[in-house]
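One-letter residues, chain by chain:
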Amino acid sequence: MGIRERAAKRKARIVAYRTQSFKDAEAWDLAFWQNQTPQQRLFALVAIRKDIAKVRKARRPTGMNVFED
């Protein structure tokens, strides 16, 4: 599957919510994640960790030997 196909699938899965307060946003977020399966929550965590690793790699100056944390 190419990047365009993956992007289209991801876009179809995106869930958005507009709120008027932080309290309401927290309640919605909690309900959203509690309604996900353990596999979906784990998949999201792994995706976030991969994104963080990409950002760290992109920020690292070239030619430096830096250990990963």
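For the structure, check the block above.
Structural notes, computed from the coordinates. All figures in this text were calculated on a predicted structure; none of them were measured in a lab.

Quick notes on the overall build of the protein
Argument step 1. Helix and strand content of the protein: three helices and zero strands.
Argument step 2. For the protein, the succession of helices and strands along the chain, N to C, is α-α-α.
Argument step 3. Put simply, the protein has 69 residues, and 3% of those count as buried.
Argument step 4. Total accessible area on the protein stands at roughly 7,100 Å², and carbon and sulfur atoms take up 58% of it.

Describing a nonpolar patch on the surface
Argument step 1. Nonpolar side chains collect at one region of the surface, where L42, L45 and V46 lie side by side and expose about 260 Å² of accessible area between them.
Argument step 2. Considering the arrangement of structural elements, one finds V46 in helix α3 (residues 38-59).
Argument step 3. Owing to a relative accessible area of 36%, V46 belongs among the partly exposed residues under this scheme.

Section: the packing of aromatic side chains
Argument step 1. One pass over the full model with this rule turns up three aromatic pairs.
Argument step 2. With a centroid separation of 5.1 Å and 5° between ring planes, the pair formed by Y17 and W28 is classed as stacked. Note that Y17 is positioned in the loop between α1 (3-13) and α2 (22-34) and W28 in helix α2, a separation of 11 residues in sequence.
Argument step 3. Residue classification places Y17 among the partly exposed positions, given a relative accessible area of 39%.
Argument step 4. Judged by relative accessible area, W28 falls into the partly exposed class, the value being 28%.
Argument step 5. Measuring from centroid to centroid gives 5.3 Å for W28 and F32, while their planes differ by 20°, and the two rings are stacked.

Some words on a positive patch on the surface
Argument step 1. Together, R6, K9, R10, R13, K50 and K54 make up a positively charged patch on the protein surface.
Argument step 2. Those elements that place two or more of their residues in the positive patch are α1 and α3.
Argument step 3. Take the positive patch: its biggest share by element is four residues, from α1.

Rules behind the numbers
Residues numbered from 1 in each chain as written. Predicted model: local features only at pLDDT ≥ 70, side-chain atom pairs only at ≥ 80, totals over all residues. Heavy atoms only, no water. Helix = DSSP H or I, 4+ residues; strand = E, 2+ residues; numbered from the N terminus. Buried < 20%, exposed > 50% of the residue type's maximum accessible area, 1.4 Å probe, protein only. Areas by Shrake-Rupley, 256 points an atom, 1.4 Å probe, with all protein chains shown as cover. Patch = residues over 30% accessible without salt bridge, like charges linked within 9 Å, V, L, I, M, F, W, Y side chains within 5 Å. Salt bridge = Lys/Arg side-chain N within 4 Å of Asp/Glu carboxyl O. Phe/Tyr/Trp six-rings, centres within 6.5 Å; stacked < 30°, edge-to-face > 60°. Lys, Arg positive; Asp, Glu negative; His and termini not counted. Charge placed at Lys NZ, Arg CZ, Asp CG, Glu CD.

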